[in-house]
Amino acid sequence: MNQVALIADRAMQKLAISFEVAGSPVCQGSKIAFVRGGRAVLVDVGNRKTKTMPANRLKDWRERIAAAASQHITELWLGPIVLECEFVMPRSPSHFNKSGLKKGAPSIPVGDLDKLIRAVGDALSKVVYNDDVQIVGFGNSTKRFARTREAIGGVRVKVRQA
């Protein structure tokens, strides 16, 4: 193979990375509205404090995804991107009894897959690619429950140039 052909082959190689982030995945996109001081306020549900969940969950989740991705990247990618995610959602303790998973426990995790992916896509903007507008596909993205009571969940992310 001559020098020009070798350079052309390297230029044709597609970049790809994969990584995992442990924790309970957080959706992005659902908002709630309320009035504060006579003004309407919109708050992302993922950042709202509840009785059982701390505030800023979405912000923390995106920061952890960005940190994991940044370990694999030296410069922002140009061109079209395919983002593929496998979300593993932790099961509630109420899904189990002493002998294991209860009969009738939910089989589909809560949380829209597109909103879970949106959080990952936004987290990777300015880390892997310039803007999430570069995403042209979501590969074989899925969500499922963790298989055991002890599993904490998380996401497996694959990003590649299209």
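Residues numbered from 1 in each chain as written. Predicted model: local features only at pLDDT ≥ 70, side-chain atom pairs only at ≥ 80, totals over all residues. Heavy atoms only, no water.

Engineer: Can you walk me through the overall build of the chain in this structure?
Structural biologist: When you go through the chain residue by residue, the secondary structure sums to three helices and nine strands. From first element to last, N terminus to C terminus, the chain shows the α and β order α-β-β-β-α-β-β-β-α-β-β-β. Looking at the chain as a whole, 35% of its 162 residues qualify as buried. The long-range fraction of contacts in the chain, counting pairs at least 24 apart against all pairs at least 6 apart in sequence, stands at 79%. Total accessible area on the chain is roughly 10,400 Å²; 55% of this is exposed by carbon and sulfur atoms. (Helix = DSSP H or I, 4+ residues; strand = E, 2+ residues; numbered from the N terminus. Buried < 20%, exposed > 50% of the residue type's maximum accessible area, 1.4 Å probe, protein only. Contact = heavy atoms within 4.5 Å. Areas by Shrake-Rupley, 256 points an atom, 1.4 Å probe, with all protein chains shown as cover.)

Engineer: Can you help me understand the environment of Cys85 in this one?
Structural biologist: Mapped onto the elements, Cys85 comes out in strand β4 (residues 81-89). As a C-alpha pair, Cys85 and Val157 span 72 residues in sequence and 4.7 Å in three-dimensional space. Once residues within four sequence positions are removed from consideration, Cys85 is found in contact with Val120, Asn140, Ser141, Thr142, Val155 and Arg156.

Engineer: Honestly, helix α3 (residues 113-124) in this entry has me stumped. Any pointers?
Structural biologist: Along an α-helix, a turn takes 3.6 residues, which lines up residues three or four apart on a common side. Taking 1.5 Å per residue, 12 residues should reach 16 Å; α3 reaches 17 Å between its end C-alpha atoms and fits that length. Structurally, α3 contributes buried residues whose contacts are with β1 (16-22), α2 (57-70), β4, β7 (135-137), β8 (142-145) and β9 (154-161). Of the residues trailing α3, Lys126 is marked for its positive phi of about 70°. (Expected span 1.5 Å × (residues − 1).)

Engineer: When you look at the side chain of Ser125 in this model, what are you seeing that I'm missing?
Structural biologist: Considering the arrangement of structural elements, one finds Ser125 in the loop between α3 and β7. Only 3.2 Å separates the side chain of Ser125 from the backbone nitrogen of Asp132, close enough to count as a polar contact. (Polar contact = N/O pair within 3.5 Å; in protein donor to acceptor, adjacent residues only side chain to side chain.)

Engineer: Before we go on, may I ask you to explain the packing of α2 against α3 in this structure?
Structural biologist: In helix packing, the relevant descriptors are the interaxial angle and the interaxial distance, both defined with respect to the helix axes. Packing of α2 against α3 brings their axes to within 8 Å, and their N-to-C directions diverge by 55°. The angle between the axes of α2 and α3 places the two elements in the oblique class. Along this stretch, α2 crosses α3, giving a crossing that reads as right-handed. Within the contact between the two elements, α2 uses Leu58, Trp61, Arg62, Ile65, Ala66 and Ala69 and α3 uses Ala119, Val120, Asp122, Ala123 and Leu124. Across the contact of α2 with α3, the residue classes tally to nine nonpolar, no polar and two charged. (Axes fitted to C-alpha atoms, helices over the stretch in contact; angles between N-to-C directions. Parallel < 35°, antiparallel > 145°, perpendicular 65-115°, else oblique. Left-handed = near helix turned anticlockwise from the far one by under 90°. Nonpolar A, V, L, I, M, F, W, Y, C, P; charged D, E, K, R; others polar.)

Engineer: Got a minute to help me understand the pairing of β4 in this structure?
Structural biologist: Looking along a regular strand, one sees the side chains alternate between the two faces of the sheet. With seven of nine residues buried, β4 is to be regarded as a mostly interior element. Both β4 and β7 contribute to a ladder of two bridges, which runs parallel. Its bridge partner being in β7, Ile81 is matched across the sheet by Ile135. In this structure, β4 lies alongside β9, joined through eight bridges in antiparallel fashion. (Pairing = 2+ DSSP bridges.)

Engineer: Looking at this model, I keep getting lost on the nonpolar core. Mind explaining?
Structural biologist: Proteins that are soluble and globular tend to have nonpolar side chains buried together. If you look at the biggest cluster of nonpolar residues, it comprises 31 residues, and the most contacted ones within it are Phe19, Leu83, Leu124, Val128 and Val159. Counting only elements with at least two residues in this core, the list comes to β1, α2, β4, α3 and β9. If we ignore the near neighbours within four places in the chain, the residues touching Phe19 are Ile65, Ala68, Ala69, His72, Leu124, Val155, Arg156 and Val157. (Core = buried A, V, L, I, M, F, W, Y, C linked by side-chain atoms within 4.5 Å.)

Engineer: Can you help me understand the packing of aromatic side chains in this one?
Structural biologist: One pair of aromatic rings is described through two measures. These are the centre distance and the angle between the planes. Applying the stated criterion across every chain, the model contains zero aromatic pairs. Positioned above the aromatic ring of Phe145 is the side chain of Arg91, whose terminal nitrogen or guanidinium carbon lies 4.0 Å from the ring centre. (Phe/Tyr/Trp six-rings, centres within 6.5 Å; stacked < 30°, edge-to-face > 60°. Lys NZ or Arg CZ within 6 Å of the ring centre and 35° of its normal.)

Engineer: Looking at this model, I keep getting lost on unusual backbone geometry. Mind explaining?
Structural biologist: What is expected of a backbone is that most residues other than glycine have negative phi and most peptide bonds are trans. Of note in the backbone geometry, Lys126 takes a positive phi value of approximately 70° without being a glycine. Secondary-structure assignment places Lys126 in the loop between α3 and β7. Classification of Lys126 by relative accessible area gives exposed; the value is 55%.

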